[in-house]
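Chain by chain, the residues:
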Amino acid sequence: MILKTALDGLASVLFAAPCRICGHTLTSASRIPICENCLAEFERIVDPMCHCCGRPFVSVAVAEGRQPLCRLCRVNFYAFDRARSFATYNDALSEAIVLLKYEQVTRLGTWFADRLAEIVLRESDEWRADIVVPVPLHPERRRERGYNQAELIARPLAKRLRLRLESQLLVRTKPRPAQLVLSRTEHWKSVRGAYATHKSCKVDNLRVLLIDDVLTTGATLDACARALKKAGASVILGLTVGRVRSWDSGPAAATRRLKADISGEPDERPQHQ
Ligand SMILES: [Zn+2]
Ligand SMILES: [Zn+2]
């Protein structure tokens, strides 16, 4: 304990780096450039939630039965079989995802991968998989950015779970529409049929862990799941770091829109729906 305090003290002097979210000096020798107060702002998504898509329920009363389903999952709305997210897409988490997305903070990708691995290992039977696939960017976008943020999470996750990473398997064939803000319906339309599997890749009867940074409407995971199932995959298990709970309201939405305007970079997720 004393040694740890001493090391933390030393670290804060040697690596006097500010927290990349709030700017306070980091006091502990953390693997990621985010302070403990900001980490505490991440709101983990816990039960009760839809057993299938992971949509959080507002009250326990709504979640009847042992494996409650939401309205959409009761009619098998989504093409994926399960989806879960680490935390609510609030201000702190959106800042962290911006770091991952625009500044390629890879250590943060590893930290998020560890959180997603916890979800998988908690129900290791239901979540058993053969391959890990990141949701791809359109090739043009990928070229512009130089990397795919979903892959920054998928790669360490695959390593942690000792699974094969298949980052070339899915391709986004249709770019996102140029308009900055998309309604929910437009978003669904924009991703419909936007993904395909690479011809040379075999997915017959495989269970796929599909990874993305944020789940908003579920449209992206759904479109990817359709393409993978068309190619023969048997089960699609979606995992995202963040999950948007109330898109149209709250300070986070305003911040995200502002950021989108400043960066001038339209994106399919999740700033512009
Ligand atoms: Zn902080
Ligand atoms: Zn559901």
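It should be noted that the structure appears before, not after, this text.
Residues numbered from 1 in each chain as written. Chains lettered and ligands numbered in written order. Predicted model: local features only at pLDDT ≥ 70, side-chain atom pairs only at ≥ 80, totals over all residues. Heavy atoms only, no water.

### Digging into the packing of helix α4 (residues 91-103) against helix α5 (residues 106-122)
Line of reasoning, step 1. Following both chains from N to C, one finds α4 and α5 inclined at 125°, their axes separated by 8 Å at the closest point. Judged by the angle between their axes, α4 and α5 are oblique. Two packed elements cross with a definite hand, and for α4 against α5 that hand is left-handed. Taken together, the residues of α5 that come into contact with α4 (itself represented by Leu93, Ala96, Ile97, Leu99 and Leu100) are Leu108, Gly109 and Phe112.
Line of reasoning, step 2. Among the residues forming the contact of α4 with α5, the class breakdown is 7 nonpolar, 1 polar and no charged. (Axes fitted to C-alpha atoms, helices over the stretch in contact; angles between N-to-C directions. Helix = DSSP H or I, 4+ residues; strand = E, 2+ residues; numbered from the N terminus. Parallel < 35°, antiparallel > 145°, perpendicular 65-115°, else oblique. Left-handed = near helix turned anticlockwise from the far one by under 90°. Contact = heavy atoms within 4.5 Å. Nonpolar A, V, L, I, M, F, W, Y, C, P; charged D, E, K, R; others polar.)

### Overview of the coordination of the zinc ion (ligand 2)
Line of reasoning, step 1. Of the protein atoms, only Cys50 (SG), Cys53 (SG), Cys70 (SG) and Cys73 (SG) coordinate the zinc ion (ligand 2), at distances of 2.3 to 2.4 Å.
Line of reasoning, step 2. For the zinc ion (ligand 2), the 4 donor atoms in the first shell make angles of 105 to 115° at the metal, a pattern classed as tetrahedral.
Line of reasoning, step 3. Sequence spacing of the donor residues for the zinc ion (ligand 2), all on one chain, is C-x2-C-x16-C-x2-C. (Donors = N, O, S within 2.8 Å, 3.2 Å for Na, K, Ca; no water. Tetrahedral: all angles 85-135°; square planar, octahedral: opposite > 155°, others 65-115°.)

### A short note on the pattern of salt bridges
Line of reasoning, step 1. The final tally for this structure, using the stated rule, is 13 salt bridges.
Line of reasoning, step 2. A salt bridge links Arg44 to Glu118, with the shortest nitrogen-to-oxygen separation between them at 3.3 Å. Remark: Glu118 occurs in helix α5 and Arg44 occurs in the loop between α2 (36-40) and α3 (71-74); sequence separation between them is 74 residues.
Line of reasoning, step 3. On the basis of relative accessibility, which here comes to 47%, the residue Arg44 falls in the partly exposed class.
Line of reasoning, step 4. Here Asp81 makes a salt bridge to Lys229, at a shortest N to O gap of 2.8 Å. On the criterion of sequence distance, the pair formed by Asp81 in the loop between α3 and β1 (82-88) and Lys229 in helix α9 (residues 219-230) is long-range, its members being 148 residues apart.
Line of reasoning, step 5. On the basis of relative accessible area, Lys229 is assigned to the partly exposed category, the value being 29%.
Line of reasoning, step 6. Put simply, Arg44, Arg115 and Glu118 are held in one network by salt bridges that share partners. (Salt bridge = Lys/Arg side-chain N within 4 Å of Asp/Glu carboxyl O. Buried < 20%, exposed > 50% of the residue type's maximum accessible area, 1.4 Å probe, protein only.)

### Topic: helix α7 (residues 149-161)
Line of reasoning, step 1. Helix length check: α7, at 13 residues, gives a terminal C-alpha distance of 19 Å against a target of 18 Å (1.5 Å per residue), a fit within 8%.
Line of reasoning, step 2. In terms of burial, α7 is largely enclosed, as 10 of its 13 residues are buried.
Line of reasoning, step 3. Its side-chain oxygen placed 3.0 Å from the backbone nitrogen of Ala150, Asn148 serves as the N-cap of α7.
Line of reasoning, step 4. Looking one or two residues past α7, Arg162 carries a phi angle of roughly 55°, positive in sign. (Expected span 1.5 Å × (residues − 1). Polar contact = N/O pair within 3.5 Å; in protein donor to acceptor, adjacent residues only side chain to side chain.)

### Considerations on the coordination of the zinc ion (ligand 1)
Working reference: metal with six octahedral donors, ideal angles 90 or 180 degrees; metal with four tetrahedral donors, ideal angle 109.5 degrees.
Line of reasoning, step 1. Distances from the zinc ion (ligand 1) to its protein donors, namely Cys19 (SG), Cys22 (SG), Cys35 (SG) and Cys38 (SG), fall within the range 2.3 Å.
Line of reasoning, step 2. Here the zinc ion (ligand 1) binds 4 donor atoms, and the angle range of 107 to 115° at the metal identifies the geometry as tetrahedral.
Line of reasoning, step 3. One chain supplies every donor for the zinc ion (ligand 1), spaced along it as C-x2-C-x12-C-x2-C. Of this pair, Cys19 sits in the loop between α1 (2-14) and α2 while Cys35 sits in the loop between α1 and α2, and the two are 16 residues apart along the sequence. Comparing Cys19 with Cys35 shows no difference in burial state: the two are buried.

### Considering empty space enclosed by the protein
Line of reasoning, step 1. Enumeration according to the criterion identifies 2 cavities of 30 Å³ or more in this entry.
Line of reasoning, step 2. For the largest cavity, the calculated volume is near 50 Å³.
Line of reasoning, step 3. Looking at the largest cavity, the residues that line it are His187, Asp212, Val214, Leu215, Thr216, Thr217, Gly218, Ala219, Thr220 and Leu221. (1 Å grid on protein atoms, 1.4 Å probe; cavity = no way out; pocket = protein on both sides within 12 Å on 5 of 7 lines; lining within 4 Å. Points joined across faces, edges and corners; volume = space filled by probe spheres on them.)

### A few points about unusual backbone geometry
Line of reasoning, step 1. That bond from Asp47 to Pro48 is cis: its omega, 0°, falls within 30 degrees of zero.
Line of reasoning, step 2. Tracing the sequence through the fold places Pro48 in the loop between α2 and α3.
Line of reasoning, step 3. The phi dihedral of Arg162 falls on the positive side, at around 55°, and the residue is not glycine.
Line of reasoning, step 4. Among the structural elements, Arg162 can be located in the loop between α7 and β3 (164-165).
Line of reasoning, step 5. Given a relative accessible area of 80%, Arg162 falls into the exposed group.
Line of reasoning, step 6. Of note, the phi angle at Asn205 is positive, near 60°, even though the residue is not glycine.
Line of reasoning, step 7. Of note, Asn205 is situated in the loop between β5 (195-197) and β6 (207-215).

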